[in-house]
Amino acid sequence: MRNVNPLRELKFLHIVLGAACNQHCKMCFQSDKQSLIDPEIFRQKLRPLYPFLTSVCIQGGEPTILPSTGEFINIALAMNPFIRFGIVTNGRLFDSRWSDIFVRYGDFVNISLNAASKKIYSDITINGDWEKVISNLQELSNKRRKAKSKLKVWASFVVLDDNLHEMQAFLTLCRKIGVDKARFFHDWKLLPSNGILLAEQLRKAYKLKSSGAIEIEGLESLEALVLRKPFSGLAYCTRPLNQIFIDYFGNVSFCCLLGERGILGNLHSESLSGLWNSRKALEIRRRIRSKDFSLCGTYCKPRGTFDKKTFSLACDGHTLIDLPIQ
């Protein structure tokens, strides 16, 4: 008989409420800009889960323009007032209404900046508003401080050729406006090509990180992918034991980095409890427990194969691109 994992073990929910967005970024991977989650997913299908959650991450698209974001937060809080919410947002519409909600009920707010100056921000972001985003971020930091809130304020930066030279300036800006953690990401199709400049920017970032002046994440995977430095990836992962990820189609997985092969099923046709205890769920748990991260994405498990002519990047078990060695 298979072991049954009760829903009370689920503590973290990562949910994508829709694909709609009010701006377009150069490295955006979403071709769908319209789809929205079926409200019955969070109104009914997830109701058995809410009493057990400690933290929820809300993502889009852009959550501040999605009609379901506020309703979802209200429903979850009505069933469990101790849930704390995180949000990934471009920050353009993250005004007083949203900052009040997250100062009171927030776990973290991650604002996607991707630049340290208006010029580079405008080059990367179509329909953005640099001054408004920075103003909203400063207001959030100030309001958090005055309220003595435990909310964490993060800023993220997808490293591209366009903004590579601003990595250090981005960290300086983060410190200036009260950001707790700077998060660096990459797009495997748009990896920076200037290895010398990247190495210099990484050296400065590592120095700042080691000083404890600001928390920084994402440097190691970027260094491994572009500069081919050794990186062993994860030592362990608890996500299959206590987290669930749900996209706006209703697909269920343990993590957004597992890809299509990690999908357990769909909430439109199956129950959350059934998917959480499915044979596929048990198999993925077994693999992760045995440190088999072959299903995982490059942030957790970058793998490089090198020869004299090409640098092959592997992600989710598939070779995605061959880059000429500079």
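Our structure is the block above this text.
Residues numbered from 1 in each chain as written. Predicted model: local features only at pLDDT ≥ 70, side-chain atom pairs only at ≥ 80, totals over all residues. Heavy atoms only, no water.

Asker: Help me out: how do you make sense of the pattern of salt bridges in this one?
Answerer: Two side chains carrying opposite charge are able to pair once their charged atoms lie near each other. One pass over the full model with this rule turns up 18 salt bridges. Between Glu40 and Arg43 there is a salt bridge, with its nearest N and O atoms 3.7 Å apart. Of this pair, Glu40 and Arg43 are both found in helix 1 (residues 39-45), three residues apart, which corresponds to roughly one turn of the helix. Arg287 is paired through a salt bridge with Asp292; the nearest N and O atoms lie 3.2 Å apart. Looking at Asp292, the relative accessible area reads 28%, which means it is partly exposed. Taken together, the shared-partner salt bridges in this structure form one network comprising Lys181, Arg183, Glu215 and Glu217. (Salt bridge = Lys/Arg side-chain N within 4 Å of Asp/Glu carboxyl O. Helix = DSSP H or I, 4+ residues; strand = E, 2+ residues; numbered from the N terminus. Buried < 20%, exposed > 50% of the residue type's maximum accessible area, 1.4 Å probe, protein only.)

Asker: Mind showing me how you'd approach the nonpolar core here?
Answerer: Soluble globular proteins tend to pack their nonpolar side chains together in the buried interior. With 93 residues, the main nonpolar core has Leu13, Leu46, Phe72, Phe85, Leu113, Phe170 and Ile244 as its most contacted residues. Contacts of Leu113, omitting those with residues within four sequence positions, involve Tyr121, Trp130, Val133, Ile134, Leu137, Ala155, Ser156, Phe170 and Leu173. (Core = buried A, V, L, I, M, F, W, Y, C linked by side-chain atoms within 4.5 Å. Contact = heavy atoms within 4.5 Å.)

Asker: Help me understand helix 7 (residues 195-211) in this model?
Answerer: The terminal C-alpha atoms of helix 7 lie 24 Å apart, and with 17 residues this matches the ideal 24 Å at 1.5 Å per residue to within 8%. Those residues of helix 7 that sit buried are Leu198, Gln201, Leu202, Ala205 and Leu208. Seen end-on, helix 7 carries its buried residues on one side only, within an arc spanning 125 degrees. Opposite the packed face of helix 7, turned more than 90 degrees from it, sit the exposed residues Ile196, Lys207 and Ser210. Where helix 7 is buried, its residues touch helix 6 (167-176), strand 9 (215-217) and helix 8 (219-227). N-cap assignment for helix 7: the residue whose side-chain oxygen lies 3.3 Å from the backbone N of Ile196 is Asn194. Where helix 7 ends, the next residue or the one after it, Gly212, has phi of about 80 degrees, a positive value. (Expected span 1.5 Å × (residues − 1). Arc of directions from axis to C-beta. Polar contact = N/O pair within 3.5 Å; in protein donor to acceptor, adjacent residues only side chain to side chain.)

Asker: So what exactly am I meant to see when it comes to the packing of helix 3 (residues 96-105) against helix 5 (residues 130-147) here?
Answerer: When two helices pack together, their arrangement is given by the angle between the helix axes and by the axis-to-axis distance. Orientation of helix 3 relative to helix 5, taken along the N-to-C sense of each, is 35 degrees, at an axis distance of 10 Å. For the element pair helix 3 and helix 5, the recorded crossing hand is right-handed. Here helix 3 contributes Ser96, Ser99, Asp100 and Val103 to the contact with helix 5, which in turn contributes Glu139, Leu140, Lys143, Arg144 and Ala147. Of the residues contributing to the contact of helix 3 with helix 5, the split by class is three nonpolar, two polar and four charged. (Axes fitted to C-alpha atoms, helices over the stretch in contact; angles between N-to-C directions. Left-handed = near helix turned anticlockwise from the far one by under 90°. Nonpolar A, V, L, I, M, F, W, Y, C, P; charged D, E, K, R; others polar.)

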